[in-house]
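Report on the structure
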Amino acid sequence: MRLSYPTSIKIIRVPCTGKVDILHIMRSFEKGADGVYVVGCREGDCHYNSGNFRARKRVEQAQQLLDTIGIGGHRVRMCNLSSSDGPLFVKYAQEMHEKILEAGPNPIKLAKKKAKAA
Amino acid sequence: MIVADKKPIEEIIETIKDHQSILVLGCNECVTVCEAGGKKEVGILASALRMHFLQQGREVNIAERTLERQCDHEYLEEIRDIIDDYDAVVSIACGVGVQFMAEKYQSKPIYPGVNTLFMGVTEARGVWTERCQGCGQCILASTGGICPVSRCAKRIFNGPCGGSASGKCEVDKELECGWQLIIDRLKALGRMDDYENISPLKDWSTDRAGGPRKVVREDVEL
Ligand code: SF4
Ligand code: SF4
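In terms of regular secondary structure, chain B is built from eight helices and nine strands. Radius of gyration (C-alpha) of chain B: 22 Å, far over the 17 Å computed for a compact globule of 222 residues. Put simply, chain B has 222 residues, and 40% of those count as buried. In chain B, once contacts between residues fewer than 6 apart in sequence are set aside, the share between residues at least 24 apart is 58%. A total of about 12400 Å² of accessible surface is found on chain B, and carbon and sulfur atoms cover 51% of it.

Below, the structure written as structure tokens:
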């Protein structure tokens, strides 16, 4: 199965989505990421029982925080799939890619340039 | 532990908006355990603040630091060398830490980043509840280990009051009646005879009513 997905996506591997903290998501935006999505196992299938549920909560909190500071919570998403489900992985990647194209670039990138110039 | 909850970020932004260089200062003790003011929360708050100000067209210096405790001289001294790099501090320690900071660094504005609530326990992940109000004269020995000062809404000593219904308190249907809990526990201990003893009037002078309190221990004083 040689499926391709958008080249705009950079994968950061973690042992379990339970490892992903709000801080990782926030830092990604500070560093200029246009969007972040967390791909975990299907709910109920976590090897550590609750890793992907924790990740979902953190994604929700990051969304709220990003909405409050004007970056936009819609740039963050939680996805679940089975690790052998290549086609669904590609589908999520494409959906995220399109969503971000629609949302436009991370406003922080522009703001940083402006603040430097000022 | 002392339980605190995060302040809304909008409120923090409003208090610090005129500063140009800010230190966000966490504490490794109680507020870390109740996930309101530890190193992780410092990182998240600082990151959000930096992005907020950038969006406003301002590159505000927001630095991060977390001390072992903010209620002891020795740890607060650790920032003496760097404090003047900032024109304000947001402390996300409990109110005790914020105040000790303010006492120590007289000319530095210190703002609280959490709301400090009570002394309590972690009942479940993400759920903290009150257990003690530091009344200064503990009576848990006669109440089956359950505190009527902190767990009865009226702080009564010979309860329950007439508002106790089906184990719940009249002030809030979700709230367990502290006196029902005391009775249940005394029953479990086979000590219902204790319940029949009328508690004498409590001396509230050891509580907050007697003004700010102080403990001096000559045996450990230097
Ligand atoms: S009786 Fe006083 S010291 Fe004892 S737990 Fe209750 S409030 Fe705390
Ligand atoms: S119902 Fe129970 S907890 Fe509530 S005020 Fe009365 S005795 Fe106290």
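Next comes the rest of the write-up.
A few words now on the confidence of the model for chain B. Taken over all residues, the pLDDT of chain B has a mean of 97, while the share at 70 or more is 100%. At the level of chain-chain contacts, confidence expressed as ipTM amounts to 0.93, with global pTM at 0.94.

This brings us to the packing of aromatic side chains. All names here are of chain B. In total, this model carries three aromatic pairs over all chains according to the counting rule given. Between F157 and W204, the ring centres sit 5.8 Å apart and the planes meet at 75°, which makes this aromatic pair edge-to-face. With a gap of 47 residues between them, F157 in the loop between α6 (148–151) and β8 (168–169) and W204 in the segment after α8 (192–196) connect regions that are remote in the sequence. Assessed through its relative accessible area of 12%, F157 is described here as buried. Overall, the relative accessible area of 26% leaves W204 in the partly exposed class. K202 extends its terminal NZ or CZ atom over the ring of W204, reaching a point 5.4 Å from the ring centre.

A separate point is the site of ligand 2. Near ligand 2 you find 14 residues, and of these C152, C161, C169, C177 and G178 of chain B are the closest. Of the residues in the shell around ligand 2, the class split is eight nonpolar, three polar and three charged.

It is worth spelling out the pattern of salt bridges at this point. Tallying each qualifying case throughout the model produces 23 salt bridges over all chains. Measuring nitrogen to oxygen at the nearest pair gives 3.0 Å for the salt bridge that ties R50 of chain B to E64 of chain B. You can see R50 of chain B sitting in helix α3 (residues 39–55) and its partner E64 of chain B sitting in strand β3 (residues 61–67), a full 14 residues away along the chain. The exposure class assigned to E64 of chain B is partly exposed, which follows from its relative accessible area of 34%. As a salt-bridge pair, R69 of chain B and D72 of chain B come within 2.7 Å of each other at their nearest N and O atoms. What emerges from the salt-bridge pattern is a single network uniting R27 and E30 of chain A together with R50 and E64 of chain B.

This paragraph deals with the interface of chain B and chain A. Listed per partner, the contact involves 16 residues of chain B and 20 residues of chain A. Remark: the boundary between chain B and chain A carries three salt bridges. For E30 of chain A, the salt bridge goes to R50 of chain B, with nearest N and O atoms at 2.5 Å. When residues of the side of chain B that touches chain A are traced back to their parent elements, those giving at least two are α1 (9–16) and α3 of chain B. Its residues placed into classes, the side of chain B that touches chain A shows five nonpolar, five polar and six charged.

With that settled, consider the sheet that holds strand β7 (residues 127–132) of chain B. Residues and elements named next belong to chain B. An order of β1-β6-β7 is seen for the three strands of this open sheet, with the pairing classed as antiparallel. Strand pairing shows two members of the sheet lacking a second neighbour, β1 (2–6) and β7, which therefore form its edges. Between one strand axis and the next, the sheet turns through 75° on average, direction left out of account. Two strands pair when backbone bridges link them, and strand β6 (residues 114–124) and β7 are joined in this way by five bridges, in the antiparallel orientation. Residue pairing in the sheet places A124 in a bridge with V127 of β7.

Another aspect to go through is helix α4 (residues 107–117) of chain A. Every buried residue of α4 of chain A is listed here: I108, A111 and A115 of chain A. Looking straight down α4 of chain A, one finds its buried side chains confined to an arc of 60°; they lie on one side. Facing away from the buried side of α4 of chain A by over 90 degrees, the exposed positions are L110, K113, K114, K116 and A117 of chain A. In this structure, the buried residues of α4 of chain A make contact with α1 (22–30) of chain A together with α3 of chain B.

What follows is about the nonpolar core. A general trend in soluble globular proteins is that nonpolar side chains are found buried together. Within the largest apolar cluster, 51 residues are counted, with the highest numbers of intra-cluster contacts made by M26 of chain A together with L49 of chain B. With nine residues, α3 of chain B is the single largest residue contributor to this core. L49 of chain B has contacts with I9, I13, I16, V24 and I62 of chain B, leaving out every residue within four places of it along the chain. In terms of nonpolar packing, the next biggest core, distinct from the first, is built from 13 residues, L23, L25, Y105 and I110 of chain B among them.

For the rest of this paragraph, the subject is the side chain of R50 of chain B. On the basis of relative accessible area, R50 of chain B is assigned to the buried category, the value being 18%. At a separation of 2.8 Å, a polar atom in the side chain of R50 of chain B contacts the main-chain carbonyl oxygen of I62 of chain B. The contact partners of R50 of chain B, leaving out residues within four places of it in the chain, are R27 and E30 of chain A together with V60, I62 and E64 of chain B.

Residues and elements named next belong to chain B. Strand order across the open sheet formed by four strands is β3-β2-β4-β5, with parallel pairing between neighbours. Among the strands making up the open sheet, the edge pair consists of β3 and β5 (110–112). For this sheet, the mean angle separating the axes of adjacent strands, direction not counted, is 25°. Relative to β5, strand β4 (residues 88–91) is paired through three bridges, and the arrangement is parallel.

What counts, and at which threshold
- Residues numbered from 1 in each chain as written.
- Chains lettered and ligands numbered in written order.
- Predicted model: local features only at pLDDT ≥ 70, side-chain atom pairs only at ≥ 80, totals over all residues.
- Heavy atoms only, no water.
- Helix = DSSP H or I, 4+ residues; strand = E, 2+ residues; numbered from the N terminus.
- Rg over C-alpha atoms; globule rule 2.2 N^0.38 Å.
- Buried < 20%, exposed > 50% of the residue type's maximum accessible area, 1.4 Å probe, protein only.
- Contact = heavy atoms within 4.5 Å.
- Areas by Shrake-Rupley, 256 points an atom, 1.4 Å probe, with all protein chains shown as cover.
- pLDDT = per-residue confidence, 0-100.
- Phe/Tyr/Trp six-rings, centres within 6.5 Å; stacked < 30°, edge-to-face > 60°.
- Lys NZ or Arg CZ within 6 Å of the ring centre and 35° of its normal.
- Near = heavy atom within 4 Å.
- Nonpolar A, V, L, I, M, F, W, Y, C, P; charged D, E, K, R; others polar.
- Salt bridge = Lys/Arg side-chain N within 4 Å of Asp/Glu carboxyl O.
- Pairing = 2+ DSSP bridges.
- Axes fitted to C-alpha atoms, helices over the stretch in contact; angles between N-to-C directions.
- Arc of directions from axis to C-beta.
- Core = buried A, V, L, I, M, F, W, Y, C linked by side-chain atoms within 4.5 Å.
- Polar contact = N/O pair within 3.5 Å; in protein donor to acceptor, adjacent residues only side chain to side chain.

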